[in-house]
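Working through the structure, step by step
Listed below are the residues making up each chain.
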Amino acid sequence: MNIYNVLKLNRFVVLAVVIGAVMICIISVWSVMALHKETINSAFVVNTDGSVIPLKLVKQKENIEVEALAHLELFHTYFYNIDASNYEKHLEKALWLGNGTIDALYRQKKADGVYNRLLQYSLVQKVVSIKTILDINKEPYRFETLTIFEVNRGTITDAYELKTSGDLIHVDRNFPNNTHGLLITNFFENSLRKLENLKNQ
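Anyway, here's the lowdown on the structure attached to this text. (Residues numbered from 1 in each chain as written. Predicted model: local features only at pLDDT ≥ 70, side-chain atom pairs only at ≥ 80, totals over all residues. Heavy atoms only, no water.)

1. Structural notes on the packing of aromatic side chains
Selection criterion: Stacked, tilted and edge-to-face are the three classes assigned to paired rings of Phe, Tyr and Trp, where Trp is represented by its six-membered ring and a pair needs centres within 6.5 Å; plane angles under 30 degrees give stacked, over 60 edge-to-face, the rest tilted. A run of DSSP states H or I qualifies as a helix once it reaches four residues; a run of E qualifies as a strand once it reaches two. Both are numbered from the N-terminal end. Relative accessible area decides the class of each residue, using a 1.4 Å probe on protein chains only: under 20% of the type maximum gives buried, over 50% gives exposed, and in between gives partly exposed.
Inspection of every chain in the model, using the stated rule, returns seven aromatic pairs. Taken together, a centroid distance of 5.3 Å and an interplanar angle of 20 degrees make the contact between Phe75 and Phe79 stacked. With Phe75 and Phe79 both in helix H2 (residues 60-80) and four residues apart, the pair spans about one turn of that helix. On the basis of relative accessibility, which here comes to 0%, the residue Phe75 falls in the buried class. Measuring from centroid to centroid gives 5.1 Å for Phe75 and Phe187, while their planes differ by 80 degrees, and the two rings are edge-to-face.

2. Quick look at a nonpolar patch on the surface
Rule in force here: Patches draw on residues past 30% relative accessible area with no salt bridge. Two like charges within 9 Å are joined, as are two nonpolar side chains (Val, Leu, Ile, Met, Phe, Trp, Tyr) within 5 Å. Here the accessible surface of atoms and residues is derived via Shrake-Rupley with a 1.4 Å probe, and residues count as covered only by protein chains that are part of the display. Take a side-chain nitrogen of Lys or Arg and a carboxyl oxygen of Asp or Glu: if they are within 4 Å of each other, that pair is a salt bridge.
A contiguous nonpolar patch, built from Val14, Leu15, Val18, Ile19, Val22, Met23 and Ile26 and spanning about 630 Å² of accessible area, is present on the exposed surface. Checked against the element boundaries, Ile19 lands in helix H1 (residues 3-40). Since its relative accessible area comes to 48%, Ile19 is described here as partly exposed.

3. A closer look at unusual backbone geometry
For the bond running from Glu139 to Pro140, omega is 5 degrees, close enough to zero to count as cis. For Pro140, the location among the structural elements is in the loop between strand E4 (124-135) and strand E5 (141-152). Unlike most non-glycine residues, Ser122 shows phi in positive territory, near 50 degrees. By secondary structure assignment, the location of Ser122 is in the loop between helix H5 (114-120) and E4. On the basis of relative accessible area, Ser122 is assigned to the exposed category, the value being 51%. The backbone phi angle of Asn186 is positive, close to 50 degrees, even though this residue is not glycine.

What follows is the structure, encoded as structure tokens:
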């Protein structure tokens, strides 16, 4: 056999091996990436018979929405569901859930004598319902909340509708002060009106 033919055959074999190795590497990397992506979106448990059952995780967006709504409901409950015996404890917890705009509102209410009247007349302010519209398409998450609460003055109970708005941003979780890892910013009380008949609302 001619030496040149042998060298040509050898070069062809080497080239084929190199191309094959490159193709195998590419396919392997693609397979690992696909498996990693599938693993991120799934969890696995072992059944009683030893079989592996994949469990789809709840989408992150759904998690954010649930936590954000829970955070806002918790804040509005702490901040507006108050009476003479619990207002200090509730307001302290509420202040952990928002930034300086919450603190500024608290100080303004304190300066206006809201909490003094609560003590003086033994008022009971009870939240009846909290409904929130939330935009979670991008952070900060914009929200608008409608809170209905009653103020019991002994023999008289008045109902009010309060509209608030603001933004939510992510922060480090802080147990037990801020378990959802969210912070209310740009908080504002937009409107407050007295309801004539709560049952019709």
